Amino acid sequence: CSRLHTKPSISPTVLLSNMYQRPDMITPGVDAQGHPIDPRTIQRHFEEFYEDLFEELGKYGEIESLNVCDNLADHMVGNVYVQFREEEHAANALRNLTGRFYAGRPIIVDFSPVTDFREATCR
Amino acid sequence: RSRSKSKRISGFDMAPPASALLPGATAAVAAAGQLPGTNPAIPGLF
């Protein structure tokens, strides 16, 4: 989708853009040296990422839902959507995460209009 | 989930790799005209 989505000024959901990078994101199934990656390795990598996120985000409020786009396509790649119980929690997370790093990459954080992930499609 | 096992270090506040800050470590850094050491020395401090 190439639409310009409006970013709400307040929302219970925050979006962390392109945050998750799977180990085989350049070449699916193999690492940078061309060796095949065990799916369990990728799964563990993902779980550790999820755990880091959950632990850090839990400091800022009660997490209602935590969605990670584990995809390889450019669109929304590695986007993380965090829905908090309260808007203030999301605002708190946004304040605290802005300008920080995760695994050597800057964290890009914004509010997201998504509040129901079952119906999270472009409108 | 149990927290008793020794926790690996979280990826949060992990600054860009130190090698990127060393002189001549990456051509990209040099090409960008960025002086080594201009990156924040202490991650997470703003």
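The text that follows walks through the structure, step by step, so that each part is easy to find. (Residues numbered from 1 in each chain as written. Chains lettered and ligands numbered in written order. Predicted model: local features only at pLDDT ≥ 70, side-chain atom pairs only at ≥ 80, totals over all residues. Heavy atoms only, no water.)

So, on to the interface of chain A and chain B. At the junction of the two partners, chain A supplies 16 residues and chain B supplies 12 residues. For the chain A and chain B pair, buried surface summed over both sides reaches about 1400 Å², with 54% attributable to carbon and sulfur atoms. Taken as a group, Glu-51, Asp-52 and Phe-101 of chain A account for 42% of the area that chain A buries against chain B, more than any other trio of residues on that side. Among the ionic pairs, Arg-8 of chain B bridges to Asp-52 of chain A, the shortest N-O distance being 2.9 Å. Residue assignment for the side of chain A that touches chain B shows that the elements contributing at least two residues are α1 (39–57) and β4 (101–102) of chain A. The biggest single contributor to the side of chain A that touches chain B is α1 of chain A, with 6 residues. Considering only residue class, the side of chain A that touches chain B consists of 7 nonpolar, 2 polar and 7 charged. (Contact = heavy atoms within 4.5 Å. Buried area = accessible area lost by both parts, 1.4 Å probe. Salt bridge = Lys/Arg side-chain N within 4 Å of Asp/Glu carboxyl O. Helix = DSSP H or I, 4+ residues; strand = E, 2+ residues; numbered from the N terminus. Nonpolar A, V, L, I, M, F, W, Y, C, P; charged D, E, K, R; others polar.)

Before going further, it helps to examine the sheet that holds strand β2 (residues 63–68) of chain A. All names here are of chain A. Pairing is antiparallel in the open sheet, where 4 strands are placed in the order β2-β3-β1-β6. Edge strands, defined here as strands with exactly one partner in the open sheet, are β2 and β6 (108–112). Looking at each pair of strands side by side, their axes are set apart by 20 degrees on average, direction ignored. Sitting on the sheet, α1 is in contact with β1 (13–17), β2 and β3 (80–84), with an inclination near 150 degrees to β2. (Pairing = 2+ DSSP bridges. Axes fitted to C-alpha atoms, helices over the stretch in contact; angles between N-to-C directions.)

Let us now look at the layout of surface pockets. Residue and element names in this part refer to chain A. Roughly 190 Å³ of volume is contained in the second largest pocket. Among the elements that make up the lining of the second largest pocket, the one with the highest residue count is α1 (4 residues). Residue composition of the lining of the second largest pocket, by class: 6 nonpolar, 4 polar and 4 charged. (1 Å grid on protein atoms, 1.4 Å probe; cavity = no way out; pocket = protein on both sides within 12 Å on 5 of 7 lines; lining within 4 Å. Points joined across faces, edges and corners; volume = space filled by probe spheres on them.)

Let's shift gears to the environment of Met-19 of chain A. Looking at the element boundaries, Met-19 of chain A is found in the loop between β1 and α1. Met-19 of chain A gets classed as buried once you look at its relative accessible area, which sits at 7%. Apart from residues no more than four positions distant in its own chain, Met-19 of chain A is found in contact with Phe-49, Leu-53, Gly-78, Val-80, Tyr-102, Arg-105 and Ile-107 of chain A together with Phe-12 of chain B. (Buried < 20%, exposed > 50% of the residue type's maximum accessible area, 1.4 Å probe, protein only.)

What follows concerns the nonpolar core. Leu-16, Met-19, Leu-53, Val-80, Val-82 and Leu-97 of chain A are the most contacted members of the largest nonpolar core, which totals 25 residues. Top contributing element to this core by residue count: helix α2 (residues 87–97) of chain A, with 5 residues. The contacts of Leu-53 of chain A, once residues within four sequence positions are left out, are Leu-16, Met-19, Gly-58, Leu-66, Val-68 and Val-80 of chain A together with Phe-12 of chain B. (Core = buried A, V, L, I, M, F, W, Y, C linked by side-chain atoms within 4.5 Å.)

Remember that the coordinates give geometry; whether it matters functionally is a separate question.
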